Amino acid sequence: ETGVTQTPRHLVMGMTNKKSLKCEQHLGHNAMYWYKQSAKKPLELMFVYNFKEQTENNSVPSRFSPECPNSSHLFLHLHTLQPEDSALYLCASSQEFVGSYEQYFGPGTRLTVT
Amino acid sequence: RKEVEQDPGPFNVPEGATVAFNCTYSNSASQSFFWYRQDCRKEPKLLMSVYSSGNEDGRFTAQLNRASQYISLLIRDSKLSDSATYLCVVINSGGYQKVTFGIGTKLQVIP
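Residues numbered from 1 in each chain as written. Chains lettered and ligands numbered in written order. Predicted model: local features only at pLDDT ≥ 70, side-chain atom pairs only at ≥ 80, totals over all residues. Heavy atoms only, no water.

Colleague: Go over the overall build of chain B with me, naming the residues and quoting the values.
Modeller: The helix and strand tally for chain B stands at 0 helices and 11 strands. Listed by position from the N terminus, the elements making up chain B come as β-β-β-β-β-β-β-β-β-β-β. The C-alpha radius of gyration of chain B comes to 14 Å, within 12% of the 13 Å expected for a compact globule of 111 residues. Seen along its three principal axes, the alpha-carbon backbone of chain B occupies a region of about 50 × 30 × 25 Å. When burial is assessed residue by residue, chain B has 46% of its 111 residues classed as buried. Taken as a whole, chain B presents about 5,500 Å² of accessible surface, with 47% of it coming from carbon and sulfur. Counting 12 positive and 10 negative side-chain charges, chain B places the averaged centre of each group 4 Å from the other. (Helix = DSSP H or I, 4+ residues; strand = E, 2+ residues; numbered from the N terminus. Rg over C-alpha atoms; globule rule 2.2 N^0.38 Å. Buried < 20%, exposed > 50% of the residue type's maximum accessible area, 1.4 Å probe, protein only. Areas by Shrake-Rupley, 256 points an atom, 1.4 Å probe, with all protein chains shown as cover. Lys, Arg positive; Asp, Glu negative; His and termini not counted. Charge placed at Lys NZ, Arg CZ, Asp CG, Glu CD.)

This is the structure in structure tokens:
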């Protein structure tokens with residue numbers, strides 16, 4: 001049981017659809033993250049928000065658009081995705097975006113792009 | 001060379017065995033190191049941080065070797081419940097923080 005929730009847990013979408021993933025943390029943390037986990041690949045950090053400000057964007061395609069309205073909520077807006085975007089998308093939070101803090105992960109959204 | 005490298009395994013070991021995993025990193029300026037555990041179809045969870053002096057938590061021991069740029073995880077008296085994928089995480093500081101995960105090492109403990 002973690003303090004990070006994600007919805008939906010599963011999502012199937014066509015390449016022309018627009019959808020959003022939602023993440024909420026109940027831990028009072030100031031940093032939130034989006035990761036992508038594909039089969040046989042390491043977790044890839046996509047975006048980091050620290051105190052609601054985006055601090056990292058690891059060359060993620062513009063078809064992924066993050067939004068952090070407050071320190072407890074994080075969204076990932078998806079549009080015109082490609083089949084290779086099918087993966088597990090994990091949200092995480094930590095006290096701050098500093099290396100010594102533990103990251104708490106949500107259960108993930110398993111995305112399939114058809 | 002990859003920034004963080006792990007042997008993906010699987011490591012199949014009998015119950016009660018001792019097993020060790022290594023994780024090598026390429027950036028000598030890396031400052032923080034962690035081991036996370038990920039069960040099948042679940043999210044990663046922190047297993048332990050890795051301190052310069054090494055640290056132990058029950059059956060688990062983590063060590064850092066800066067000279068050779070690797071961290072290790074030793075599991076003694078393996079239990080069936082230890083079956084999982086163990087992810088190495090390396091944090092680089094400097095101009096900005098960079099979080100890099102290894103691909104993970106899969107452990108299967110066999111009865």
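This is not the end of the story, as more comes after the structure.
Colleague: If you had to explain the overall build of chain A to someone new, which residues and values would you point to?
Modeller: A count of helical and extended segments in chain A gives 0 helices and 11 strands. Moving toward the C terminus, one meets the helices and strands of chain A in the order β-β-β-β-β-β-β-β-β-β-β. Per-residue burial over chain A gives 48% buried out of 114 residues. Within the structure as shown, chain A displays about 5,400 Å² of accessible surface, and the carbon and sulfur contribution to it stands at 48%. Separation of charge centres in chain A, based on 10 positive and 10 negative side chains, amounts to 10 Å.

Colleague: Give me the lowdown on the packing of aromatic side chains, citing residues and values where you can.
Modeller: Residue and element names in this part refer to chain A. Within this structure, the stated rule accounts for 12 aromatic pairs over all chains. Pairing Phe64 with Tyr89 gives two aromatic rings, centres 5.9 Å apart and planes at 35°, and the pair type is tilted. In this pair, Phe64 sits in strand E7 (residues 64-70) while Tyr89 sits in strand E9 (residues 87-94), placing the two residues 25 residues apart along the sequence. Given the relative accessible area of 0%, Tyr89 is considered buried. (Phe/Tyr/Trp six-rings, centres within 6.5 Å; stacked < 30°, edge-to-face > 60°.)

Colleague: Could you give me a rundown of the side chain of Ser30 of chain B, with the residues and numbers involved?
Modeller: Residue and element names in this part refer to chain B. Within the element layout of this structure, Ser30 appears in strand E4 (residues 30-38). For Ser30, a relative accessible area of 2% corresponds to the buried category. A distance of 2.4 Å separates polar atoms of two side chains, one belonging to Ser30 and the other to Asn92. Those residues in contact with Ser30, other than ones at most four positions away along the chain, are Tyr25, Arg66, Val90, Ile91 and Asn92. (Polar contact = N/O pair within 3.5 Å; in protein donor to acceptor, adjacent residues only side chain to side chain. Contact = heavy atoms within 4.5 Å.)

Colleague: How would you summarise the environment of Leu81 of chain A if you had to cite specific residues and measurements?
Modeller: Take Leu81 of chain A: it is sitting in the loop between strand E8 (73-79) and E9. Beyond its immediate stretch of four places on either side in the chain, Leu81 of chain A contacts Met13, Met15, Arg63, Phe64, Leu111 and Val113 of chain A.

Colleague: Let's hear about the interface of chain A and chain B: which residues, and what values?
Modeller: Between chain A and chain B, the contact holds 22 residues from the first and 17 residues from the second. The junction of chain A with chain B conceals about 1,600 Å² of combined surface from both sides, 58% of it contributed by carbon and sulfur atoms. Contact with chain B buries area across many residues of chain A, yet Leu43, Gly99 and Phe105 of chain A alone supply 27% of it, more than any other trio. Between chain A and chain B we count 0 salt bridges in total. (Buried area = accessible area lost by both parts, 1.4 Å probe. Salt bridge = Lys/Arg side-chain N within 4 Å of Asp/Glu carboxyl O.)

Colleague: So what's going on with the sheet that holds strand E3 (residues 18-25) of chain A? Which residues, and what values?
Modeller: Residues and elements named next belong to chain A. The 4 strands are arranged E1-E3-E8-E7 in an open sheet whose pairing can be described as antiparallel. Among the strands making up the open sheet, the edge pair consists of strand E1 (4-7) and E7. When the angles between neighbouring strand axes are averaged without regard to direction, this sheet yields 20°. Both E3 and E8 contribute to a ladder of 7 bridges, which runs antiparallel. For Cys23, the partnering residue across the bridge sits in E8 and is Leu74. (Pairing = 2+ DSSP bridges. Axes fitted to C-alpha atoms, helices over the stretch in contact; angles between N-to-C directions.)

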